[in-house]
Amino acid sequence: MPTPAPTLFAPGVISTGDIEFAPAFEPDGKTVYFCKGSPGMKRVMWILVSRLRDGAWTKPEIVPFSGRYSDIDPTLSPDGKQLFFASTRPTEGTEPRKDFDLWVVERRGTGWGEPRNLGAPVNSSGSESTTSVTADGTLYFASAGRDGGRAGRRLFRSRRVDGRYQAPEPLPPPIDAGEEESNQYLPPDASYMIFLSKRPGAKEAALFLSRPKDGGWTEPVNLGEQWNAEYGPYTPLLSPDGKTFYFTSQKGVFDRMPAAPMTYDNFLDAIRKPGNGLGDIYSMPVEALAVPLRAAP
């Protein structure tokens, strides 16, 4: 039986001809947050929300706490009471930061409160992004240029003890390959981690899976070499019910030259709809992954 191919998530509503990436679902799976960016070098990125009503996703809206500074990588805590994100919003004055800090908003009734900067020791003089939160409150995130460290992003873990985040621990080898690691996803029980990594000698980054073992991590396994190479996936996410795998891809119709000349109308159609290569959100059944997410008992 052929492996199901990834499909665009809510084409024309969430995945459009614009730049979309980084989905995050509320625990019931009926509300999704994601990022939308402006094209070009002066990119602005905001967090949007859409709700599933009568079997269809609603027209997205910018969330109340976004829409001015660049906000990316929304992540919900497993209980849905906190939403973490990275932002260039200032901690002082009105000028945006040149790098990203991590922020959190708390659930307030049916909405959200005011964003709060996580501060030290989580944030640093470097740039922090791509969060993942487990059921015990442990925060995983990526950081670049931290404390004068390497320019490429590296993964860190900060445990929450008595309501306070502890000094972040860098994830050691074999997770850390010395070049670039980010875009991590962990389920609430932290039984595995999917992350984006550029391994030594590799031409491109790919998604890998590793599991905790004896205080460390197992050797990362490629989630599917052909699929990784074709889609260049990032921002991995598992649906709340554990049945669907989501990711972002810049796979586009012009990754290869067309087999025959195109008309002007066909060209406009191709560059203005999902799949034009700017960035779209895709989904596929978890069974389509080359590696089982849950370890055999």
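What this report covers is the structure whose coordinates are included nearby.

**Some remarks on the sheet that holds strand E13 (residues 139-144)**
Taken in spatial order, the four strands of this open sheet run E12-E13-E14-E17, and their pairing is antiparallel. Each edge of the open sheet is held by one strand with a lone partner, namely strand E12 (127-133) and strand E17 (169-170). As judged from the two bridges shared by strand E14 (residues 154-158) and E17, these two strands associate in the antiparallel manner. Residue pairing in the sheet places Arg-157 in a bridge with Glu-169 of E17.

**Considerations on unusual backbone geometry**
Residue Pro-121 is reached from Ala-120 by a cis peptide bond, and omega for that bond is 5°. Positionally, Pro-121 belongs in the loop between strand E11 (116-117) and E12. Residue Pro-173 is joined to Pro-174 through a cis peptide bond whose omega torsion reads 10°. Considering the arrangement of structural elements, one finds Pro-174 in the loop between E17 and strand E18 (180-185). Despite not being glycine, Asp-73 shows a phi value in the positive range, around 55°. Examined against the element boundaries, Asp-73 turns out to sit in strand E7 (residues 71-76). Unusually for a residue other than glycine, Thr-130 sits at a positive phi of about 40°. The topology assignment puts Thr-130 in strand E12.

**Remarks on the sheet that holds strand E20 (residues 206-210)**
Taking strand neighbours across the sheet as the criterion, the four strands line up as E18-E19-E20-E23 in an open arrangement whose pairing is antiparallel. The open sheet terminates on both sides in strands that have one partner only, identified here as E18 and strand E23 (221-222). Here E20 pairs with E23 via two bridges, running antiparallel. Bridged to Phe-208 within E23 is Asn-222.

**A few points about the side chain of Arg-157**
Note on placement: Arg-157 falls in strand E14. The exposure class of Arg-157 is buried, given its relative accessible area of 13%. If sequence neighbours within four positions are ignored, Arg-157 has contacts with Thr-138, Leu-139, Tyr-140, Ala-167, Pro-168, Glu-169, Leu-171 and Trp-217.

**Considerations on the nonpolar core**
One finds Phe-9, Leu-139, Trp-227 and Phe-245 to be the most contacted residues of the largest nonpolar core, which totals 60 residues. Apart from residues lying up to four places away in sequence, Trp-227 is in contact with Pro-6, Leu-207, Gly-232, Pro-233, Phe-245, Phe-247, Met-284 and Leu-289. One finds Leu-155, Ile-175, Ala-190 and Phe-208 within the second-largest nonpolar core, a separate group that totals 12 residues.

**Brief notes about the pattern of salt bridges**
One pass over the structure, following the stated rule, counts 17 salt bridges. Here Asp-18 ties to Lys-36 by a salt bridge, and the two come within 3.0 Å at their closest N and O atoms. Of this pair, Asp-18 sits in the loop between strand E1 (7-8) and strand E2 (19-25) while Lys-36 sits in strand E3 (residues 31-37); the two residues are 18 residues apart in sequence, bridging distant segments of the chain. Overall, Lys-36 belongs to the partly exposed group, its relative accessible area being 22%. With a closest N to O distance of 3.2 Å, Asp-269 and Lys-273 form a salt bridge. Residue classification places Lys-273 among the partly exposed positions, given a relative accessible area of 39%. Linked by salt bridges that have partners in common, Asp-18, Glu-20 and Lys-36 make up one network.

Basis of the calculations
Residues numbered from 1 in each chain as written. Predicted model: local features only at pLDDT ≥ 70, side-chain atom pairs only at ≥ 80, totals over all residues. Heavy atoms only, no water. Pairing = 2+ DSSP bridges. Helix = DSSP H or I, 4+ residues; strand = E, 2+ residues; numbered from the N terminus. Buried < 20%, exposed > 50% of the residue type's maximum accessible area, 1.4 Å probe, protein only. Contact = heavy atoms within 4.5 Å. Core = buried A, V, L, I, M, F, W, Y, C linked by side-chain atoms within 4.5 Å. Salt bridge = Lys/Arg side-chain N within 4 Å of Asp/Glu carboxyl O.

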